[in-house]
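# Structural overview for review
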Amino acid sequence: MHVKILIGTAAATAVLAGFSSAALTGGEWGKYQVGDLRSGYTYAAPETRAIQDDDFENPAMLALDYGAELWSMKDGDANKSCADCHNDAEDSMKGVGARYPAFYEPWDKPINVELRINECRENNMKAKPWKYESREMLGMTSYVKYQSRDMPVNVDIGGPSTPFFQKGKAFYYERRGQLDLACKHCHEDNSGNMIRANLLSQGQSNGFPTYRLKWQGVGSLHRRFRGCNSQVRSTPFGYGSDEYVNLELYLAWRGRGLPVESPSVRN
Amino acid sequence: MFSGEREETLRTGRYLIPILGIAGLLAAFALASGDARAEELAKFMVKDGNSIPQSLTGRPGTPENGRKVAIDRKKGNCLACHAMPVPEQPFHGAVGPDLAGVGSRYDAGELRLRIVNPKYANPDTIMPAFYKANGLHRVLKGFEGKSLLSAEEVEDVVAYLVTLKE
């Protein structure tokens, strides 16, 4: 299953290898750049990119494989697996990673893939919801999103989603914490600049869940949000909170057109 | 009297004057405080939105300690954003301008304003206010109501920056 991706990126890897990110700024980043939009991949260290380029080296693939296993495992009082309702994930889940967060009428708000997975578990499988950063949830989210790999991010912000999108946007521009910084100060005004030893990226969401070398593990987008909030000494919001789902919707829209890269590898 | 809510109006200094109604007395000066609980943070004068001429402690700072505070990640952490003439430290940030020679470009009052609260000079700046403790949003537990640096530390950093001549 991983092999087809490997071949596709091998050529790009050969070209990129040996160049520092600075040398390629404004240059050709292939599928990882759409106009001015650049995936976090293009800001990652060359060695980090090399790990992502090789699915057999990408440690996030272990999480994904676990997710694939869980896909056909029966669970809950209904004794059903995901596969019992959705059959082959390669068909039924294709595109999901590109269009989520999506408006979910029963809840009257947009929800992300993690919340949708738990909704299925609770309602359709009568199973206990998974914890947000659990191995199960990260594995399944990786597996589901992987079925959209290389598809352009394309969320719907119209209709009933608009007010939620607007809230996410307001969050992005709102200063917070003892350091009094908004997302935009680092990721819009200063992408491409070094903040101490870190190269600031555009803070795009297309690679999540991601294997982060600093974490020594796979983490969700909301974990990243909590990290970015905490580093400006601001109280983070909860995993799966409305605030973060709205922000996730806004970020996806900012990065629309970038390829779904999940599960990616970052510094 | 100098409450947190009013801090917004203090940004440029000049808006405060009609509020106080003593424009004649203060001329281009505005009285401000880094904290609504003014007993904790010292009051200071902002001149023309560009300078805080007087020492926050009434005394000059110590350049050697200022250099330490500037480097310390838990205090100034200035290297996160600025290159500085501090060759023993690796990884200088490039978010703000190089601070080498900054003591020739600004006088002590202008430097003090840029440490106390650079938003007086540039409301959209990424550089944090190091002497402000109120009017902040969702501050992490344990840091509420606290400024990043004490008045002494601000003065020490100012004293250090003044020594960075071209």
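Everything here concerns the structure above.
Throughout what follows, the structure given in this document is the object of discussion. (Residues numbered from 1 in each chain as written. Chains lettered and ligands numbered in written order. Predicted model: local features only at pLDDT ≥ 70, side-chain atom pairs only at ≥ 80, totals over all residues. Heavy atoms only, no water.)

Counting its secondary structure elements, chain B contains seven helices and two strands. From first element to last, N terminus to C terminus, chain B shows the α and β order α-α-α-β-β-α-α-α-α. Buried residues in chain B amount to 47% of all 166 residues. Put simply, of all contacts in chain B between residues at least 6 apart along the chain, 49% involve residues at least 24 apart. Summing over all exposed atoms, chain B offers an accessible surface of approximately 8,200 Å²; the carbon and sulfur share of this is 56%. (Helix = DSSP H or I, 4+ residues; strand = E, 2+ residues; numbered from the N terminus. Buried < 20%, exposed > 50% of the residue type's maximum accessible area, 1.4 Å probe, protein only. Contact = heavy atoms within 4.5 Å. Areas by Shrake-Rupley, 256 points an atom, 1.4 Å probe, with all protein chains shown as cover.)

This part is about the sheet that holds strand E9 (residues 264-266) of chain A. All names here are of chain A. Taken in spatial order, the three strands of this open sheet run E8-E7-E9, and their pairing is mixed. A strand with exactly one partner marks an edge of an open sheet, and here the two such strands are strand E8 (217-219) and E9. Averaged over all pairs of adjacent strands, the angle between strand axes in this sheet comes to 35 degrees, irrespective of strand direction. In terms of strand pairing, strand E7 (residues 210-212) meets E9 through three bridges, oriented parallel. Across the sheet, residue Thr210 finds its bridge partner in E9, namely Ser264. (Pairing = 2+ DSSP bridges. Axes fitted to C-alpha atoms, helices over the stretch in contact; angles between N-to-C directions.)

This structure, assessed with the given rule, holds 15 salt bridges over all chains. One salt bridge in this structure joins Lys184 of chain A and Asp189 of chain A, with 3.0 Å as the shortest N-O distance. We classify Asp189 of chain A as partly exposed; its relative accessible area is 38%. Of the charged contacts in the structure, one is a salt bridge between Asp124 of chain B and Lys184 of chain A, with a shortest N-O distance of 2.9 Å. Placement of the pair is Asp124 of chain B in the loop between helix H6 (108-116) and helix H7 (151-162) and Lys184 of chain A in helix H11 (residues 183-187), with the two residues belonging to separate chains. Take Asp124 of chain B: its relative accessible area is 42%, and that puts it in the partly exposed class. Given the relative accessible area of 9%, Lys184 of chain A is considered buried. Where salt bridges share partners, they join Lys184 and Asp189 of chain A together with Asp124 of chain B into one cluster. (Salt bridge = Lys/Arg side-chain N within 4 Å of Asp/Glu carboxyl O.)

Before going further, it helps to examine the layout of surface pockets. Over the atoms, a rolled probe matching the size of one water molecule traces out where space is still vacant. Residue and element names in this part refer to chain A. The space that makes up the second largest pocket amounts to roughly 320 Å³. Along the wall of the second largest pocket there are 20 residues; nearest its centre are His86, Met93, Arg116, Ile117 and Cys120. If you list the elements that add at least two residues to the lining of the second largest pocket, you get helix H5 (82-86), helix H7 (96-99), helix H8 (113-124) and helix H9 (135-146). If you tally residues by element for the lining of the second largest pocket, the top one is H8, at six residues. Residue classes in the lining of the second largest pocket are distributed as 13 nonpolar, four polar and three charged. (1 Å grid on protein atoms, 1.4 Å probe; cavity = no way out; pocket = protein on both sides within 12 Å on 5 of 7 lines; lining within 4 Å. Points joined across faces, edges and corners; volume = space filled by probe spheres on them. Nonpolar A, V, L, I, M, F, W, Y, C, P; charged D, E, K, R; others polar.)

The interface of chain A with chain B comprises 24 residues on the first partner and 29 residues on the second. Summed over both partners, the interface of chain A with chain B buries about 2,300 Å², with 51% contributed by carbon and sulfur atoms. For chain A, the biggest contributors to the area lost against chain B are Gln178, Arg196 and Arg233 of chain A; these three give 38% of the whole. With a shortest N-O distance of 2.6 Å, Lys119 of chain B and Asp180 of chain A are connected by a salt bridge. There are 17 residue pairs in polar contact (both at pLDDT 80 or more) connecting chain A and chain B. Of all the elements in the fold, those that place two or more residues in the side of chain A that touches chain B are H11 and strand E5 (194-195) of chain A. Take the side of chain A that touches chain B: its biggest share by element is three residues, from H11 of chain A. Partitioned by chemical class, the residues of the side of chain A that touches chain B number nine nonpolar, seven polar and eight charged. (Buried area = accessible area lost by both parts, 1.4 Å probe. Polar contact = N/O pair within 3.5 Å; in protein donor to acceptor, adjacent residues only side chain to side chain.)

Our focus in this paragraph is empty space enclosed by the protein. All names here are of chain A. Within this structure, the stated rule accounts for three cavities of 30 Å³ or more. Taken together, 15 residues line the largest cavity, and the ones lying closest to its centre are Gly97, Tyr100, Lys145, Ser205 and Asn206. Residues that form the lining of the largest cavity fall into these classes: eight nonpolar, five polar and two charged.

All names here are of chain A. Residue placement: Thr42 occurs in the loop between strand E2 (37-38) and helix H3 (46-53). Thr42 gets classed as buried once you look at its relative accessible area, which sits at 0%. Taking the C-alpha atoms as reference points, Thr42 and Tyr32, 10 residues apart in sequence, are found 6.8 Å from one another. Only 2.9 Å separates the side chain of Thr42 from the side chain of Arg38, close enough to count as a polar contact.

Taken as a whole and assessed by the stated rule, the structure comprises 16 aromatic pairs over all chains. Judged by centre distance (6.2 Å) and plane angle (55 degrees), the rings of Phe103 of chain A and Phe164 of chain A are tilted. Residue Phe103 of chain A is located in strand E3 (residues 102-104), and its partner Phe164 of chain A is located in helix H10 (residues 162-173); the two are separated by 61 residues in the primary sequence. A residue is classified by how much of its surface remains accessible, and Phe103 of chain A, at 24% relative accessible area, is partly exposed. Of the residues examined, Phe164 of chain A reaches a relative accessible area of 16% and is grouped as buried. Both rings, one in Phe44 of chain B and one in Tyr120 of chain B, keep their centres 6.4 Å apart while their planes meet at 85 degrees; by these two values the pair is edge-to-face. Residue Phe44 of chain B is located in strand E2 (residues 43-47), and its partner Tyr120 of chain B is located in the loop between H6 and H7; the two are separated by 76 residues in the primary sequence. (Phe/Tyr/Trp six-rings, centres within 6.5 Å; stacked < 30°, edge-to-face > 60°.)

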